Amino acid sequence: MPRLSEVIAALDALWPPASAEDWDAVGTVCGDPDQGVSRVLFAVDPVQEIVDEAVKLDADLLVTHHPLYLRGTTTVAASNFKGRVVHTLIKNDIALHVAHTNADRADPGVSDALAGALDLRVVRPLVPDPADADGRRGLGRVCELDHPLTVREFAARVAERLPATAQGIRVAGDPEALVRTVAVSGGSGDSLFADVRAAGVDAFLTADLRHHPASEARAHSPLALLDAAHWATEWPWCELAAAQLDEISDRHGWDLRVHVSKTVTDPWNSHSPSPGAPN
C-alpha cells in the first residue's frame, strides 16, 4: 500500500502545482503524508455530499478539481459548511487533494477530457503555455469534428454526451450553420473570447457565459456559442484523471481502487422553460 506522499507525488507529476494560476489554491488540503492509501475518489466539487460519499466508500483520498478554500480562511470550525467538510475528512482519515488550473493546463488536461467526451480531435491548445516547448500544454483546446455538423446537431451531441444537468445546453448562433472546428474550454471560458476569435473556429463550447461578453462575441463574428453547465464540462476530467492514476497504480504495483463520483453537484437542479421560448 503506497503512502499518501507517494500518491501525491505521482499526481503532482501529472498536474505540476507550479503551473497553476497565481490566484489558485491547489495541492493537499488535509491528510497525513505517512498514511496508507488504498482507495481514491475523484470528483469535481469538495462539498459535503461528496465527502459523505468518500466516507461511505471508505476512501483514503479524495481528489477534486475545485478548491475548498480558494480565497483562504481563518477558521475551520464545524459551524460553517467548509469547516464541516474538513472535520468530516479528518475524523475519517480521508485526505483531500486539489488539482485546478494546473489540471486545466496539463497535457492531457480538463479540456482534452471534454474534447474526448465529444469525439473531437484536438489540434492544439487554445492558449498555449509559453513554458511548454512542445506546444501541447495550455488553456482550452482547438479541435476538429470528424465530419461537419450543423450547430443544432453539434449542440445535440454535446447534450447527449455530457452529464445531464437542469441547464442543458444554451446556444447562440444560426442553428443551421456548419461546424467543422470548435474551441473548447472546461469551466468558465468567457475570458478567452479574443483567443477564440484569433483561432478562427466555427463554434466555442464552454460554461458560465455572461450576457455582455457573449453579446459582444456574437457582434464580432458569426461564431456559434454553446454554453453548458460548469460542472458538466469538467466532470469528464474525473474519468481521465482516474484512468491516469489507475495506470500509475498498475505500473507501481500499488493495487489502488480508483473511483469516480457520479453525484451531480451542479448547483442548479431544475429548469422551467419560458412559454413560447425558442428551442
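Now for a look at the structure at hand. Every value quoted in this text rests on a predicted model; they were computed, and no experiment measured them.

**Some thoughts on the state of the cysteines**
Each disulfide consists of one covalent bond between the sulfur atoms belonging to two cysteines. As enumerated under the stated definition, the model contains zero disulfides in all. Its sulfur unpaired, Cys-143 is 19 Å from the next cysteine sulfur, which belongs to Cys-238.

**Quick notes on unusual backbone geometry**
Omega for the peptide link from Asp-107 to Pro-108 comes to 0°, which places this bond in the cis form. Residue placement: Pro-108 occurs in the loop between α4 (101-105) and α5 (110-117). The backbone of Asp-58 sits at a positive phi, close to 65°, despite the residue not being glycine. Among the secondary structure elements, Asp-58 is positioned in the loop between α2 (48-57) and β3 (61-64). Residue classification places Asp-58 among the exposed residues on the basis of a relative accessible area of 57%.

**So, the environment of Leu-68**
Summarising the element assignment, Leu-68 is placed in the loop between β3 and α3 (81-91). With residues up to four places along the chain from it excluded, the contact list for Leu-68 reads Val-29, Pro-46, Lys-82, Val-85, Val-86, Leu-96 and Val-98.

**A few points about the environment of Ala-203**
Relative to the elements of secondary structure, Ala-203 occurs in strand β9 (residues 203-207). Residue classification places Ala-203 among the buried residues on the basis of a relative accessible area of 0%. C-alpha separation for the pair Ala-203 and Tyr-69, spaced 134 residues apart in sequence, amounts to 34 Å. Look past the residues within four positions of Ala-203 in its chain and what remains in contact with it is Val-179, Thr-181, Val-182, Ala-183, Leu-223, Ala-224 and Leu-226.

**Some words on the nonpolar core**
Counting 52 residues, the largest nonpolar core has Trp-15, Phe-42, Leu-61, Leu-205 and Trp-237 as the members making the most contacts within it. In terms of residue count, helix α9 (residues 230-252) provides more of this core than any other element does, nine residues in total. Among all residues touching Trp-237, those that are not within four sequence positions of it are Trp-15, Val-63, Thr-64, His-65, Ala-99, Ala-103, Gly-109, Val-110 and Ala-113.

**Comments concerning α5**
The element α5 is extensively covered by neighbouring structure, given that six of its eight residues are classed as buried. Among the residues of α5, those classed as buried are Val-110, Ser-111, Asp-112, Ala-113, Leu-114 and Ala-115. Contacts made by the buried residues of α5 are with α4, β5 (121-128), β6 (138-150), β8 (178-188), β9 and α9. A positive backbone phi angle near 55° is found at Asp-119, which sits one or two residues after α5.

**Quick word on the packing of aromatic side chains**
The full count for this structure, using the stated rule, is three aromatic pairs. Consider the rings of Phe-193 and Phe-204, whose centres lie 5.7 Å apart with planes at 75°: the pair is edge-to-face. A residue pair is termed long-range when its members are at least 10 positions apart, and Phe-193 in helix α7 (residues 193-199) and Phe-204 in strand β9 qualify at 11 residues. Neither Phe-193 nor Phe-204 differs from the other in exposure class; each is buried. Feature note: the residues Trp-15, Phe-42 and Trp-237 constitute an aromatic cluster, connected by ring pairs.

**Observations regarding the layout of surface pockets**
Roughly 910 Å³ of volume is contained in the largest pocket. Lining the largest pocket are 28 residues, and of these Ile-169, Arg-170, Val-171, Pro-278 and Asn-279 lie nearest its centre. Counting residues per element, the ones that place at least two in the lining of the largest pocket are α6 (151-161), β7 (170-172), α8 (211-220) and β10 (224-228). The residue makeup of the lining of the largest pocket, split by class, is 15 nonpolar, eight polar and five charged.

**Some thoughts on the sheet that holds β10**
Read across the open sheet, the six strands follow the order β5-β6-β8-β9-β10-β7; overall the sheet is mixed. Each edge of the open sheet carries a strand with a single partner, namely β5 and β7. Taking the axes of each pair of neighbouring strands and ignoring which way they run, one obtains an average angle of 25° across the sheet. Two strands pair when backbone bridges link them, and β8 and β9 are joined in this way by four bridges, in the parallel orientation. Residue pairing in the sheet places Val-184 in a bridge with Leu-205 of β9.

**Let's talk about the sheet that holds strand β1 (residues 27-30)**
An order of β1-β4-β3-β2-β11 is seen for the five strands of this open sheet, with the pairing classed as mixed. Single-partner strands in this sheet number two, and they are β1 and β11 (257-260). Averaged over all neighbouring strand pairs, the angle between strand axes comes to 25°, with direction disregarded. Two elements, β1 and strand β4 (residues 95-98), share three bridges in a ladder whose sense is antiparallel. When the sheet's bridge partners are listed, Cys-30 is paired in β4 with Leu-96. Along the sheet, helix α1 (residues 4-14) contacts β1, β3 and β4; its crossing angle with β3, the most-contacted strand, is approximately 20°.

Criteria and cut-off values
Residues numbered from 1 in each chain as written. Predicted model: local features only at pLDDT ≥ 70, side-chain atom pairs only at ≥ 80, totals over all residues. Heavy atoms only, no water. Disulfide = S-S within 2.5 Å. Helix = DSSP H or I, 4+ residues; strand = E, 2+ residues; numbered from the N terminus. Buried < 20%, exposed > 50% of the residue type's maximum accessible area, 1.4 Å probe, protein only. Contact = heavy atoms within 4.5 Å. Core = buried A, V, L, I, M, F, W, Y, C linked by side-chain atoms within 4.5 Å. Phe/Tyr/Trp six-rings, centres within 6.5 Å; stacked < 30°, edge-to-face > 60°. 1 Å grid on protein atoms, 1.4 Å probe; cavity = no way out; pocket = protein on both sides within 12 Å on 5 of 7 lines; lining within 4 Å. Points joined across faces, edges and corners; volume = space filled by probe spheres on them. Nonpolar A, V, L, I, M, F, W, Y, C, P; charged D, E, K, R; others polar. Pairing = 2+ DSSP bridges. Axes fitted to C-alpha atoms, helices over the stretch in contact; angles between N-to-C directions.

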